[in-house]
Amino acid sequence: MIVRLLAGVAAVAVGVAAIALVAVLVHDTPGPVATTSATTVPAATTPAPPSRTSLRFPAPPPGAVVFTHQDVGTVLALAVNPGRRLGLQVSALGPSGKGTRGLELSFTVAGRSARGRPCGAGCYRASVPAPAHPKVVVVRVRGGGLDTVWRQRLPAAWPAPAASALVARAGDVWRSLHSLAFVEHLASDPQHAITSLWRVASPDQAAYQIVGGYAGIVIGDRRWDRAPGGRWIESEQASPITQPVPTWSAVRNAHLLGSGTVRGRPVWIVSFYDPSIPAWFKVAIEKATSRTVNVGMMATAHFMNDAYGAFDRARPITPP
């Protein structure tokens with residue numbers, strides 16, 4: 001998944017055809033790579049081990065609560081460690097996938113400020129005395145084409161409760177589904193974005209339609225692809241997919257941010273970090289069923305939001 005995700009993200013800026021490929025790659029469902037033919041791209045169901053590059057990635061410290069912010073094509077990820085002094089770290093990840101060096105960065109909590117000191121490529125750390133009930137962390141960033149003030153509200157319950165068990169349960173429920181449907185918004189920056197409609201079904205079926213673009217169907221060892229205005233082209237699916245499966249593979253720094261309502265459903269709001277991609281997640285998990293009803297993910301030049309529904313009621317996937 002890692003290699004295909006990075007290849008897809010890098011392709012976003014080159015045009016509609018490449019953007020269509022991104023949406024497909026992210027979900028382990030190979031898709032069209034040209035407007036005139038369908039090409040099979042192997043799909044893996046087990047993530048590759050982290051590369052040396054990912055081991056140097058500006059990951060959040062253990063135990064920290066994580067938050068994310070998009071600044072054009074840059075991911076800004078804040079990690080907050082509770083304690084007598086708040087440990088603060090920002091990971092700044094540019095569109096190339098490398099940490100952004102040379103930023104001027106500061107943190108302010110309850111009137112106390114500290115300068116962020118470099119802790120590696122794209123990593124900036126500081127600490128400030130912790131108030132009894134910290135409410136907001138203000139992050140100021142300049143340099144590297146950035147000039148932003150990010151005000152991140154902290155959870156009302158602080159320290160934020162651990163949520164690894166909650167996310168594990170949501171993953172189990174996801175894998176137990178027979179089918180589901182979702183709408184995905186995927187962007188590399190404000191100027192390059194697509195919306196796509198998806199259906200997936202157990203054990204190895206998926207169908208998608210890029211709004212105004214490509215469409216594809218995978219059923220077992222067969223696939224069909226269609227370019228805009230073209231006809232369906234059948235080919236072999238060399239490596240069958242596995243569905244339904246969660247968007248994430250590994251979970252670190254999982255914490256409960258609070259409660260909310262998504263499309264009328266009471267939900268838990270949880271954030272965590274997946275080092276296998278690597279990416280930051282913010283998900284909404286329905287309290288009554290442990291179904292994941294919304295997923296926000298930020299990775300290299302990759303800003304995604306998925307809204308899920310039709311659990312076990314998605315329209316059947318059939319050959320065109």
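Residues numbered from 1 in each chain as written. Predicted model: local features only at pLDDT ≥ 70, side-chain atom pairs only at ≥ 80, totals over all residues. Heavy atoms only, no water.

**Observations concerning the overall build of the protein chain**
Let me state the cut-off plainly: What counts as a helix is a DSSP run of H or I of at least four residues, what counts as a strand is a run of E of at least two, and both are numbered from the N terminus. Burial here depends on accessible area, computed with a 1.4 Å probe over protein chains only, as a share of the maximum for the residue type. Under 20% is buried, over 50% is exposed, and the range in between is partly exposed. Contact definition: two residues touch when any of their heavy atoms are within 4.5 Å. In short, Shrake-Rupley with a 1.4 Å probe defines the accessible areas, and a residue's cover is counted only from the protein chains shown.
The number of helices and strands found in the protein chain is four helices and 20 strands. Within the protein chain, buried positions represent 53% of all 320 residues. Counting contacts in the protein chain only where the partners sit at least 6 residues apart, residues at least 24 apart contribute 52% of the total. As displayed, the protein chain offers around 14300 Å² of accessible surface, 54% of which is attributable to carbon and sulfur atoms.

**Considerations on the state of the cysteines**
Rules: Note on disulfides: each one is a pair of cysteine sulfur atoms within 2.5 Å.
The final tally for this structure, using the stated rule, is one disulfide. Across the disulfide, cysteine 119 is cross-linked to cysteine 123 (sulfur-sulfur distance 1.8 Å). On the sign convention where negative means left-handed, the S-S torsion of about -85° between cysteine 119 and cysteine 123 marks this disulfide as left-handed. Judged by its relative accessible area of 29%, cysteine 119 falls in the partly exposed class.

**So, the pattern of salt bridges**
What counts is decided by this rule: We define a salt bridge as a side-chain nitrogen of Lys or Arg found within 4 Å of a carboxyl oxygen belonging to Asp or Glu.
Scanning the entire structure with this criterion turns up five salt bridges. The salt bridge involving aspartate 172 is made with arginine 175; its shortest N-O contact spans 3.4 Å. Here the residue aspartate 172 and the residue arginine 175 both occupy positions in helix 4 (residues 164–176), the gap between them amounting to three residues, near one helical turn. Residue classification places aspartate 172 among the partly exposed residues on the basis of a relative accessible area of 44%. Residue arginine 175 is classed as partly exposed on the basis of its relative accessible area, which comes to 48%.

**With respect to the sheet that holds strand 13 (residues 215–219)**
Each strand in a sheet pairs with another by means of backbone hydrogen bonds, the pair being arranged parallel or else antiparallel. Condition: In this scheme, strands are said to pair when DSSP sees at least two bridges between them. Every axis corresponds to a line fitted to the C-alpha atoms, with the helix fit spanning only the stretch in contact, and the corresponding angles, defined between N-to-C directions, vary from 0 to 180 degrees.
With respect to topology, 11 strands assemble into an open sheet ordered 15-14-13-12-11-10-20-19-18-17-16, the strand pairing being antiparallel. Single-partner strands in this sheet number two, and they are strand 15 (233–236) and strand 16 (252–262). Strand-to-strand twist in this sheet, taken as the mean axis angle between neighbours without regard to direction, amounts to 15°. Its contacts with the sheet put helix 4 on strand 10 (179–189), strand 16, strand 17 (265–274), strand 18 (279–286), strand 19 (292–299) and strand 20 (302–309), and the angle it makes with strand 17 is roughly 105°.

**Here we look at the nonpolar core**
It is characteristic of soluble globular proteins that their nonpolar side chains tend to be buried jointly. Spelled out, the test is: Throughout, nonpolar core names a set of buried Ala, Val, Leu, Ile, Met, Phe, Trp, Tyr and Cys residues whose side chains join them through atoms within 4.5 Å.
Core analysis: the largest hydrophobic core is formed by 65 residues, its most contacted members being Leu78, Val80, Phe107, Val137, Val139 and Phe281. Counting residues per element, this core draws most heavily on strand 18, which supplies five residues. Dropping the residues within four chain positions of it, phenylalanine 281 is found in contact with Thr247, Trp248, Val270, Ser271, Phe272, Asp274, Val295, Gly296 and Met297. Judged by nonpolar contacts, the second largest core, of 11 residues, contains Val66, Ala77, Tyr273 and Met298.

**Description of the pairing of strand 20**
The buried fraction of strand 20 amounts to six of the eight residues, a majority that puts the element mostly inside the structure. Judged from the seven bridges that link them, strand 10 and strand 20 form a sheet pairing that is antiparallel. Counterpart to alanine 187 in the pairing with strand 20 is phenylalanine 303. Looking at chain direction, strand 19 and strand 20 are connected through six bridges and run antiparallel. Looking at strand 20, one finds that valine 295 is bridged to aspartate 306. If you look at the hairpin formed by strand 19 and strand 20, you'll find two residues sitting between the two strands, and alanine 301 has a positive phi there, around 45°.

**Some remarks on unusual backbone geometry**
Between tryptophan 158 and proline 159 the backbone carries a cis peptide bond, its omega angle lying at 0°. When you line up the elements, proline 159 lands in the loop between strand 9 (146–153) and helix 4. Backbone geometry places asparagine 253, a non-glycine residue, at a positive phi of 60°. Tracing the backbone through its elements, the reader meets asparagine 253 in strand 16. A relative accessible area of 12% places asparagine 253 in the buried class.

**A word on the packing of aromatic side chains**
In plain terms, the rule: Aromatic rings from Phe, Tyr and Trp, with only the six-membered ring used for Trp, were paired whenever their centres fell within 6.5 Å, and each pair was classed as stacked if the ring planes differed by under 30 degrees, edge-to-face if by over 60, and tilted otherwise.
For the coordinates displayed, the defined rule picks out 11 aromatic pairs. The interplanar angle of 90° and the centroid separation of 5.5 Å between the aromatic rings of tryptophan 174 and tryptophan 248 together place this pair among those described as edge-to-face. Taken as a pair, tryptophan 174 in helix 4 and tryptophan 248 in the loop between strand 15 and strand 16 lie far apart in primary sequence, 74 residues in all. Under the relative-accessibility criterion, tryptophan 248 is labelled buried at 7%. Taken together through their ring pairs, the aromatic side chains of Trp174, Phe182, Trp198, Tyr208, Trp248, Phe272, Phe281 and Tyr308 make up a single cluster.

**Topic: the pairing of strand 17**
Every regular strand shows the same layout, with side chains that alternate between the two sheet faces. For strand 17, a buried count of seven out of 10 residues is recorded, marking the element as mostly surrounded by other parts of the structure. Pairing between strand 16 and strand 17: eight bridges, direction antiparallel. Looking across to strand 17, one finds that valine 262 is bridged to arginine 265. Here strand 16 hands over to strand 17 after two residues, with arginine 263 in that stretch at a positive phi of 50°. Between the antiparallel neighbours strand 17 and strand 18 lie four residues.

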